[in-house]
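Residue-level structure breakdown
As a plain string of letters, each chain reads:
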Amino acid sequence: MAQFLDHEAEEASSDEELEDDEGIRRKKDKPKKKKKVIDDSEDEDEDEEMDPTAAAELANFIQDEVDEPEEDAGVGDDGEKRKHEDDEFEMEDLEEEDYDLIEENLGIQINRRKRRRVRAVEDDSDDEKERKDRDAIANELFEEGDEAGTAPVRTQEDKPRTTVADEEIDEEGESDSDSFIVGDDGEPIKHRRAKADRYEDAALQEAQEIFGLDIDYADFLDQGDEEYDEDGEYEEEDEDGEIVRPQRSRKTKKSVMDVYEPSDLEHGLRTRLDNEIRMADIPERFQLRSIPVESPPEDRAAAELQDEARWIYCQMFVDENTSNQKEAEKLKKQMANPDYKEESYQNLEIPSEEQKINRIKDILDFIRNQFLEDHFIATYRKEYHMSAVNYMAVNQGQKDPSKRMKDDPYGFNAEDIREIYERDLNWMQLQKRRSNLLKLVTKMQSYLNAKRMNQPELFQDSDEISDETVDFIRNATSITELQDRFIELKLTYGQHFPNLLKMEPKKKSGAVASANGELDAALGNGDAPVAEEGDATAEAIGEDAAEVARLKRARRTDPYFICKEAGLDKFVNKFGLTVEEFIANVDSDYTVTEPDRDQPDPEILAEGFVSQRFPTANDVLNGSVFMLASSIARSAKFRAIVRKKYFEYAVVNVRATNRGIKEIDENHPCFPMKFLKNKPIKSLQDDQYIKLLQSKQEGLLEVEIGVGPNESGNDPLFASIVAFFTVDEFGKDIQSWNVYRSKAVEKALKGFLYPVFAKEVHEKLMAEAKVFVKLNIRRNLFEWINIAPYTRNVETSGEKDQWDNLWDLSNGIRVVGVAFENNWDQPGFAVATDAYGDVIESIKLPTLLNVRKKVGERVNSDDIAKLMDFILERRPHVIAVASESRRAIDVRIAIHNAIDRLRHEEKLPDIQVEVVDNRLSLLYQNSETGRAEFPNYHPIQRQAVSIARRLLDPLLAFAQLFNLDDDLLNLNIHPLQNMLSKDEFRRTLEVEFVRRVNEVGVDLNECVNHPATHGNVVQFVCGLGPRKAQRLLSLVKQTGVIVSRNQLVMVCRLGPRVFINCAGFFKINVNDLSDTVTGEQYVEPLDATRVHPETYDWARKMAVDALEYDESNEGANPSEALQEILDNDAANKKLWELDLNAFSEELERQNFGNKRITLLDIRHVLTKSFADYRPLYESAIQNASLMFQLITGENSKAYVPERLFTVTVTGFFYHRSDKSEDDLRSDSWRDDAKYVRKRKNETWYCARCRQRDFASKLEVIGHILDEPSQCPGKIAGVKVALDNGVTGVIKLQNISDKYNSEEEFFPQDRVKVGMVIHARLVGDFSAEKFYGEFTCKGSDLAKDKSVRDAFYDPAAEKTAVDKEIKKQQRRAPKINYLKRVIAHPSFKNFDYMEAESYLKTQPLGECVIRPSSKGNNKLTLSWKVAEGIHDHVEIVEQEKENVFSLGQKLVIGDETFDDLDEILARYVQPMAVFVKEIMDHKYYVDSHFGQPTTHAAQRTVIDAWLREEKSRNPARIPFCFSAFASLPRRFFLCHLPRQNVREEFVTVTPAGYIYRRQPLSSMLKLLAYFKNHFQEPPPASLNTPHGTSVTPGTGSMLITPTPSHMGVPNIAHLTSVVQNMPQHVWDKLKVAGTTAMSATPMTFATPRTPSGNANAAAVHQTPAGVTPSGSSVAGTTAWSSAAKMWQQAMTGQPSGATPATPQSVGATPASSTNWSAAAAAWVNKSNTAAPAGNAAEEGATPTTAAVSAWMAAARNRNPGDATPR
């Protein structure tokens, strides 16, 4: 054992050193020929900048090659021959010209070789060879497997070729690694060294076998390498005529960089850096840290660790957190030991401060000097961080091997050690930045000393850097202190930086920035608000002239130096106190030095400092205030004082945004903090701050950090500091100085320091909250993976022998995973896996949830029967059903019932059916890992595989997705995980995996045999990582099997450090390897335990002593004692009888230290080999809460009464009738109001189900008595559902506060099916039934019993809510529309206003298709007719597949289109062309000027233009076109024949123009028709009166008057009128109605009076004005008023409004035909008198008889009378 410990830190051999440094092995039998390669400038720079250490090592390497003896062991004469061949090879490529040149220069004759060309036989073409080379490189790089890194399987022909060099042996006979592993007798186990030219990585070895012996990893990475030219070979003849065949010429060969992208190599961990990490004997995670773990300097190693330990102690135990993190501390203890409980122990040792510091120092020594990972230290170095006395006390009587040993409550647990490791990184960062700043100060001192010597007249005492400054930097304990001091240095010595740069020696371009240049990159910007502090000035000490110029420019533009150059520093000295005196007052907290009171008035004094830069006294004062504030704010001492106070006074203020007011409800985590006022940062708990920041990022909250006010509302920090710079007197000059002093202090604090300190507070709060989030992420992951593999004994009902062979558990448990989607038309799948998760077989269940044709079934019985056949064939021990939804319970029950039936038939044993969480499976089915492993599987099929694997071992299932593709990072583990960076999240998961994988242990042979499922856990073993795990698995696979931990060194070539870290966590199951182990191989029983190899001797000693073996007997074998202890419970109990204290004292006397805790752990782990501490799988079958959590992903305990939910109404529920069928069919109840009622003035309804709209009482009775009855029963309430599958009801009395059981209440008036409403839970929630009762009454919803934060600001909330309400009231109502997803360039999700705005900037004819506000089956086409005129056309969709899809048929009017492109081509584009023709006409007049306007305003412009044209040429009849702004696609066509302008309209259609109802296909035809018919009167009803609207159509455009408000016609009255109507009147009305209704149906219109005279059908227009809505009063007054107004209109008398036709029911006939005919007959009234002519002419004035008829109707109002004529 002693020898083992002596050798544990030694390195293996010089060859292994070479491996670690270079990452590859080089052959030592012959030096590699050097070739000259022309490198670029960058390569030259890299060569020049080679690290001195690496250069020395390279020099040594070359020297070793030169000095290597030719006659090496195992080489002999062959080596000499090879040497000779190499010498010949140096001359073999010389050409004839080369021989001539050599002979000429050397003066000697050289034997030349004659060459002749020999044809080379090639099996493959160049392309084929290139392809093979590419495939070979691909195999080397990527065929190890993404997950396990395994090498491809090789056949017998692929075995490596053996050369003489393969037999080479080290000169010394054995290496350091030979003595690294010792045998039972303590002597080193000797073994032969590995063959010199074989590679450790199986993939590299395979590449060597493919490409030849000279290939190595460097060949893949080096550029400019060469390969043989296979175009042909040459044979040469020497002087004797003998033929000599030289080696073929070489040509440049492709490297891996030519074949693969660097990103692919980086992703596959195959870059040069990855190989260096892979080969280095340092834990991989140590190398990947942002600052790799490194040993402290040898000259002060102990002091360095002591300083770091004390610094970490202060960080962990002295410095307080900025926020309250008590819960985080408890969570750390729980994560360190899952069995942790708050227990009180007596007589425990409480370590002192020095003891804790020493323990931290020991832990740091293990990390930095011995390179041991934190979990290894926590497991195998407990004596150094725990008290043995305490450990024995808390674990007294612990004999259960299935439970972990408890930690010393006063010692350092695993979480503490992890924190020490992370704080070591912070220490390294501090050291690096401190060193950089010291270098800068040293250079500055050298520069200032030189300046003093060379220019003493320019040197000032203030320029000298004091020893105090140097000591401050050297003793700085935080990066913040270094930043403060650096900012102060920039202020004091900033003017010297450009000169200091000139002194720096120039470096070549491309060189790395100096250490001083790195400083500012490390320190950050400092204070952003101060000008030069945001400059990155400390990048400070650059290397070139550009840097000098930049710093000079910065100095010229810096306000501080501008003020200083203007001499204001002298005025600053007049403020009464120097900066140092003022800071001394603040630091002492009392006035040590009072300000000078004898200064004159500052404004008068400032007059003497006026300059060109500061022309007034006020400018001087302001500049001086700024300069003084800058000096104060940049003082390191002042910043430290103010920072401390700022953190004491800092508060958080929170206000919800308008969006936050709406979205942050009671279920939102920030609801209690929606409005906060002056909440101290120390009162923030756990992750509260990060929750606020998450809501801020989402735009829900505004979060500010500042200084909280005192009782008087002032800034307490400013008030306490400014008092030390002011004088408490009332003199005028003193008060004036006080004002400017206060301004300077205020500027320093609020202008410069407060923003910086607020950022620091934010960063600290964020860091502390992130720690809590990380712990919760780890806890959630821990709860998922801390479950032991599923184990269960199969219980059978038959004879035992009947099932022994069929259901044998010796090979582990077989699982069938069942997965499906919650969709009846999607198939399900069942997959059978073995105990290792490898798929045996899979079947498809095509209709698992499709029960549409299966009455009474919830799961398709056909698929269940198919599944049973599969189970009978594959004989699984358990069935795992994915927890997709509540349907998973139905599937589980169906499978269980089917198994139960077969069990009674003795065809199956009792197989358990479990429901398994499918969140990981959903991730796996769509992950790169899943697709790579099962590329041909259906996603649901892959989900079934993952479900089975998770039940087998959750740790393996989760670890499989922690891969190079970062699949696991897509899993939603914690709601705040997005607030972490990707690297932070990944490292958090990795920490937990490392902890749990090492606790469980890893079977390396299983990982090699099952790489897809087990291989990925190897990376989490201490000392390893993904790169080292790839290499290890490749070597193990190449070896075949690992039977001993010793082989990790002998075969896998692990270095001492990595081996020490990982050896104890690899388990070798000896029983599983009985067929593999040969008789010569020694099997170590302890390899199957958690005992570390370094303590094997102690374990053997304990076993021998426990069983009282005679060690003096030569034949005694301690391994037999160990085996008996492990196999025999009786022998195992004897371990507990040992006196371990005596054993520990003996070890201590032998200088092994106090190993009492280690001995206790050895005894504990020997009780059971690698006991799994994880709890057994807990079935959810009998646990309703667990089942609820699996299905919904939520905890049922969160469903508490009065909690607010968002629910969806799914229907109404009823209670069936309480009467018998005979009672219902009796007549006694039919008049009972309990069943049949009539609402006031409305229809009948069923009083039980509340169904309405029955025309009669008999219909209600039929509704109840029909067979089957249409009445569902008495309505009881509303059915609701949550998104997660929870259902519930809202009873009638809980729907509304207006509910009254004695009155009529219709719930369908309150809620509709599909409506989403808020509701609160009432009473207890049933997790078993997924059921709850809710209420949506307004009074219940208004109840808010949620607890608000102690600093909640209700006044601010009320103000914000009121403001939002007023804003909404002012806002115009917006029509909502459903956003659509339509793939078309013209489609946009615009509303009306957005479309109008969009079209304003588009050219004429441009269009946009958008959703319609009228429904989901409509679209709106908006296109630009003219500037300011946009046409909006409705498109009706038909044959839609769903709400969001586009209809297969699109209808505009009566025209049908197939798609949107057809609409644009056939509808929009033709009209745009016709519109352009009109607008391009020479007589087109712009009368609306691109703005909305009125008809009258346009006519004014048109009339003026026409009259002007008429005045120019009176003989001509001018005419013009103009766009009608009120009606798109309508254009004025006005002409001036004599004195009055005549107005007509032209309508644009896709087919052309419509003028006077005539379709005209072109502009020429339009003009021709107009010129031929303009003198003719236009047809009736063409000219649109004021207030009309247009109904667009695809053909003609009909103009219809704006309808007045009309009542619904009375059918009975109308029938009576028609029967009494004269026949000739009825015939005329039918003709008129048919004509008017043919194109545009009109439901309501003001009627004209029908006349029996055919010539009277055309009546004069209704007088201009807006037609008033009709009166609903059926009295004489209304009729008389109407008659008088008609009479005034007839006689031409002025009237205030167009008379309305009385519309009372039963008074005026309401036939749609009559009314429509009247509406179609109205025309515009002419401005002149009616033209003479017969009565049939259009425009005839209404007769007096019609008015008299209306008057008569008013006097003799009778509903049965006919309409007056």
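Note that the structure is predicted; figures quoted are calculated from it, not measured.

The rules behind the values
Residues numbered from 1 in each chain as written. Predicted model: local features only at pLDDT ≥ 70, side-chain atom pairs only at ≥ 80, totals over all residues. Heavy atoms only, no water. Helix = DSSP H or I, 4+ residues; strand = E, 2+ residues; numbered from the N terminus. Buried < 20%, exposed > 50% of the residue type's maximum accessible area, 1.4 Å probe, protein only. Contact = heavy atoms within 4.5 Å. Areas by Shrake-Rupley, 256 points an atom, 1.4 Å probe, with all protein chains shown as cover. Core = buried A, V, L, I, M, F, W, Y, C linked by side-chain atoms within 4.5 Å. Patch = residues over 30% accessible without salt bridge, like charges linked within 9 Å, V, L, I, M, F, W, Y side chains within 5 Å. Salt bridge = Lys/Arg side-chain N within 4 Å of Asp/Glu carboxyl O. Lys, Arg positive; Asp, Glu negative; His and termini not counted. Charge placed at Lys NZ, Arg CZ, Asp CG, Glu CD. Axes fitted to C-alpha atoms, helices over the stretch in contact; angles between N-to-C directions. Parallel < 35°, antiparallel > 145°, perpendicular 65-115°, else oblique. Left-handed = near helix turned anticlockwise from the far one by under 90°. Nonpolar A, V, L, I, M, F, W, Y, C, P; charged D, E, K, R; others polar. Pairing = 2+ DSSP bridges. pLDDT = per-residue confidence, 0-100. Phe/Tyr/Trp six-rings, centres within 6.5 Å; stacked < 30°, edge-to-face > 60°.

Concerning the overall build of the protein
Within the protein one finds 66 helices and 34 strands. Scored against the burial criterion, the 1765 residues of the protein give a buried share of 47%. When contacts within the protein are restricted to residue pairs at least 6 apart in sequence, those whose partners lie at least 24 apart make up 69%. When the accessible surface of the protein is totalled, it reaches about 88000 Å², and 48% of it is carbon and sulfur.

Concerning the nonpolar core
Counting 201 residues, the largest nonpolar core has Phe582, Phe638, Tyr646, Leu968, Phe993, Val1018 and Phe1066 as the members making the most contacts within it. With 21 residues, helix α34 (residues 732-785) is the largest single contributor of residues to this core. Setting aside residues up to four positions removed in sequence, Phe638 forms contacts with Phe582, Ile583, Val586, Ile632, Ile721, Leu749 and Leu753. The next biggest cluster of nonpolar side chains, apart from the first, holds 56 residues, and it includes Val818, Ala898, Leu1186 and Phe1212.

Here's the deal with a positive patch on the surface
There is a patch of like positive charges on the surface, built from Arg655, Lys1363, Lys1366, Lys1367, Arg1370 and Arg1371. Looking at the positive patch, the element that brings in the most residues is helix α57 (residues 1354-1370), giving four residues. In this structure Arg1370 comes out as exposed when scored by relative accessible area, which is 65%.

Considering the packing of helix α19 (residues 414-454) against helix α21 (residues 479-493)
Running from amino to carboxyl end, α19 crosses α21 at an angle of 20°, the nearest separation of the two axes being 10 Å. Relative to α21, α19 is oriented roughly parallel. Like other packed secondary-structure pairs, α19 and α21 cross with a definite hand, here left-handed. In this structure, α19 uses Gln429, Leu430, Arg433, Arg434, Leu437, Leu440, Val441, Met444 and Leu448 to contact α21, whose residues at the interface are Ile479, Leu482, Phe486, Leu489 and Tyr493.

Let's talk about the packing of helix α29 (residues 617-633) against α34
To characterise two packed helices, one gives the angle between the axes of the helices and the distance between these axes. Here α29 crosses α34 at 55°, and the two axes come no closer than 8 Å. With respect to α34, the axis of α29 lies oblique. In this structure, α29 crosses over α34, and the sense of that crossing is right-handed. Where α29 abuts α34, its residues Leu621, Val625, Phe626, Leu628, Ala629, Ser630, Ile632 and Ala633 lie against Tyr740, Lys743, Ala744, Lys747, Ala748, Phe752 and Leu753. Residues that form the contact of α29 with α34 fall into these classes: twelve nonpolar, one polar and two charged.

Examining the pairing of strand β28 (residues 1519-1523)
Taken across its five residues, β28 has five buried, putting it largely inside the fold. Going residue by residue along β28, you find Phe1519, Phe1521 and Ala1523 tucked away on one face and Cys1520 and Ser1522 tucked away on the opposite face as well. Here β28 pairs with strand β29 (residues 1530-1535) via five bridges, running antiparallel. The partner of Ser1522 across the bridge, within β29, is Phe1532. Counted between consecutive antiparallel strands, the loop separating β28 from β29 contains six residues, among which Arg1529 sits at a positive phi close to 70°.

Here's the deal with the sheet that holds strand β13 (residues 912-916)
Here we have five strands laid out as an open sheet, ordered β11-β10-β9-β12-β13, and mixed in their pairing. Strands at the two margins of the open sheet, each flanked by one partner only, are β11 (839-845) and β13. Neighbour-to-neighbour, the strand axes of this sheet turn through a mean angle of 20°, independent of strand direction. As judged from the five bridges shared by strand β12 (residues 878-882) and β13, these two strands associate in the parallel manner. Paired with Val878 across the strands is Gln912, a residue of β13. Against the sheet, helix α40 (residues 939-952) touches β9 (815-819), β10 (828-833), β11, β12 and β13, its axis set at about 135° to β9.

A short note on the confidence of the model for the protein
Per-residue confidence for the protein averages 74 on the pLDDT scale, and 67% of its residues sit at or above 70. Confidence drops under pLDDT 50 across residues 1-93; counting only partners more than four residues distant or on other chains, this segment forms 116 contacts. Ignoring residues within four places in sequence, the model shows residues 507-548, a span with pLDDT below 50, making 99 contacts including any to other chains.

Focus on the pattern of salt bridges
One pass over the structure, following the stated rule, counts 73 salt bridges. With its nearest N and O atoms 2.8 Å apart, the salt bridge here joins Glu304 to Arg300. Several salt bridges converge on common partners, so that one network encompasses Arg404, Glu415, Arg778, Glu992, Arg995, Arg996 and Glu999.

Looking at a nonpolar patch on the surface
On the surface, Leu1378, Val1443 and Phe1444 cluster together into a nonpolar patch covering about 240 Å² of accessible area. Tracing the chain through its elements places Val1443 in the loop between β25 (1429-1438) and β26 (1449-1452). Accessibility expressed as a relative area gives 37% for Val1443, which makes it partly exposed.

Remarks on the sheet that holds strand β19 (residues 1274-1281)
The strand order around the closed barrel built from five strands is β16-β19-β20-β22-β21, with neighbouring strands paired in mixed fashion. Strand-to-strand twist in this sheet, taken as the mean axis angle between neighbours without regard to direction, amounts to 45°. In terms of strand pairing, strand β21 (residues 1316-1326) meets strand β22 (residues 1331-1335) through four bridges, oriented antiparallel. Each residue of the ladder has a partner; that of Val1322, found in β22, is Glu1333.

Focus on the environment of Asp808
Counting through the fold element by element, Asp808 comes out in the loop between α35 (800-803) and β9. The class of Asp808 is partly exposed, set by a relative accessible area of 35%. In the structure, Asp808 is positioned 69 residues away from His877 in sequence and 9.3 Å away in space, judged by C-alpha atoms.

A closer look at the side chain of Glu415
The residue Glu415 is located in helix α19 in this model. Since its relative accessible area comes to 6%, Glu415 is described here as buried. Discounting chain neighbours no more than four positions away, the residues touching Glu415 are Lys332, Met335, Ala336, Leu775, Arg778 and Arg995.

Focus on the packing of aromatic side chains
One pass over the structure, following the stated rule, counts 44 aromatic pairs. When the centroid spacing of 5.2 Å and the interplanar angle of 35° are considered together, the rings of Tyr313 and Phe317 count as tilted. Here Phe317 and Tyr313 lie together in helix α14 (residues 301-318), a separation of four residues that amounts to about one turn. Judged by its relative accessible area of 9%, Tyr313 is buried. Taken together through their ring pairs, the aromatic side chains of Tyr1483, Trp1505, Phe1519, Phe1521, Tyr1555, Tyr1569, Phe1570 and Phe1574 make up a single cluster.

Quick look at the side chain of Thr1158
Looking at the secondary structure, you find Thr1158 in helix α52 (residues 1156-1166). Residue class for Thr1158 comes out buried when judged on its relative accessible area of 13%. With residues near it in sequence (within four places) discarded, Thr1158 still touches Glu383, Thr1095 and Trp1098.

A look at unusual backbone geometry
Phi at Phe371 takes a positive value of approximately 55°, unusual for a residue other than glycine. One non-glycine residue, Glu906, adopts positive backbone phi at about 60°. Mapped onto the fold, Glu906 is located in the loop between α37 (887-904) and β13.

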